[in-house]
Amino acid sequence: METAISVENISKHFTDKKRGLVKAVDELSFHCRAGTIFGLLGLNGAGKTTTLRLLATMLWPTSGTARIAGFDIVKQPDKVKANIGFLTGSTGLYLRLTPREIITYFGKLAGMDTASLKQRGDRLIDLLDMGEFADRRIDKLSTGQKQKTSIARTMIHNPPVLILDEPTSGLDVLTSRAIIKLVRNAKDEGKCVIFSTHMMHEAATLCDEIAVIDKGRLQTQGTLTQFREQYGKENLDDIFVAILENGGGR
Ligand SMILES: Nc1ncnc2c1ncn2[C@@H]1O[C@H](COP(=O)(O)OP(=O)(O)OP(=O)(O)O)[C@@H](O)[C@H]1O
Ligand SMILES: [Mg+2]
């Protein structure tokens, strides 16, 4: 299968007044294939969001690079942007617009024609069960309804690579399920999805491959089946703790 994301020795250092040099991402390398779901696990502060922001060209790497859909994040950021959908907690939504207006606005920005924009917008609204609030102003929506809107916005231009930072954080079971269904659909359509999560059961059921990072470094990468064999444990929670405890075997 074709490589959709190829991360090559990427680092991101911040200089913090109090903490000094922070190696948020430290020489990270991994690959994700098209048609698969890739999970990024790590404790708070491990470097997940920084990694995903680097891939989404929202941050400039200190060193190293990554290729997404064949394009280099440092040399071809515009091409990368056109080929990804990026969801992050801070994804801005215009409070006075409605979900349908936001989706349409971002579709137009991505250069979509009116007919395909309407067709895909309607499909996403349907898949995410957004019909009831699609024409209500964003400032009147709940957290979950806003998150669905953000996801629809992220996916409107049908990009081959989806980068989702904690897509189901703070959502109820049904809303989470709707989003998980959409992620599975995306995979079935041959897209590559990379997402970060603290929900181990979600990673266990969804991911084809899982990478665990700690203090900006890759601890291990593999399938749940491989981890179960390697660590002699069934639950991803227990495996995750074991990986962190033995430093991924490094
Ligand atoms: N702009 C910044 N300036 C200084 N330090 C930063 C900055 N952004 C992130 N960091 C630091 O980089 C490290 C990684 O942060 P990051 O947000 O990537 O972690 P995370 O794995 O997403 O954590 P969480 O699970 O809490 O979302 C942390 O130590 C954080 O404090
Ligand atoms: Mg984060």
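Note: the structure precedes this text.
Residues take numbers from 1 onward in each chain, read along the sequence in its written order. Here chains are named by letter from A upward and ligands by number from 1 upward, in the order in which they appear as written. At least 70 in pLDDT is required for a residue's local features to be given in this predicted model, at least 80 for side-chain atom pairs to be given and counted, and no such filter applies to totals for whole chains, interfaces and linings, which use all residues. In computing side-chain values, all of the structure's heavy atoms are included and hydrogens and water are not.

Visitor: Quick question: what am I supposed to make of the sheet that holds strand β1 (residues 3-16) here?
Guide: Working definition: the strands of a sheet are paired by backbone hydrogen bonds and lie parallel or antiparallel to each other. Ordered in space as β2-β1-β4-β5, the 4 strands form an open sheet in which the pairing is antiparallel. With one partner strand each, in any of the chains shown, β2 (20-33) and β5 (71-72) form the two edges of the open sheet. Here, strands pair whenever DSSP counts at least two bridges between them. Helix and strand definitions follow DSSP, with helices as H or I runs of at least four residues and strands as E runs of at least two, each counted in order from the N terminus. Judged from the 10 bridges that link them, β1 and β2 form a sheet pairing that is antiparallel. Within β2, the position partnered with Ile10 by the bridge is Leu28.

Visitor: Sorry if this is basic, but what is going on with the site of ligand 1 here?
Guide: In the region of ligand 1, 15 residues are neighbours, and Arg19, Gly45, Lys48, Thr49 and Thr50 sit closest. By the criterion applied in these results, polar contacts are pairs of N or O atoms within 3.5 Å in which, for protein atoms, one can donate a hydrogen and the other can accept it, and in which residues neighboring in sequence qualify only through two side-chain atoms. In the model, an oxygen atom of ligand 1 is placed 2.7 Å from a nitrogen or oxygen of the Lys48 side chain. Taking Thr49, its side chain carries an N or O atom lying 2.7 Å from an oxygen atom of ligand 1. Relative to its unbound accessible surface of 640 Å², ligand 1 loses 68% to contact with the protein. Listed by contribution, the elements that provide at least two residues to the shell around ligand 1 are β1, β2 and α1 (48-55). When residues in the shell around ligand 1 are grouped by element, the largest group, 3 residues, is from α1. As a working rule, the residues Ala, Val, Leu, Ile, Met, Phe, Trp, Tyr, Cys and Pro are called nonpolar, Asp, Glu, Lys and Arg charged, and the rest polar, with Gly in that last group. For the shell around ligand 1, a count of residues per class yields 5 nonpolar, 6 polar and 4 charged. Near, as used in this document, describes a residue that has one of its heavy atoms within 4 Å of the molecule or strand being considered. Accessible areas in this description were obtained via Shrake-Rupley with a 1.4 Å probe; residue shielding takes into account the shown protein chains only.

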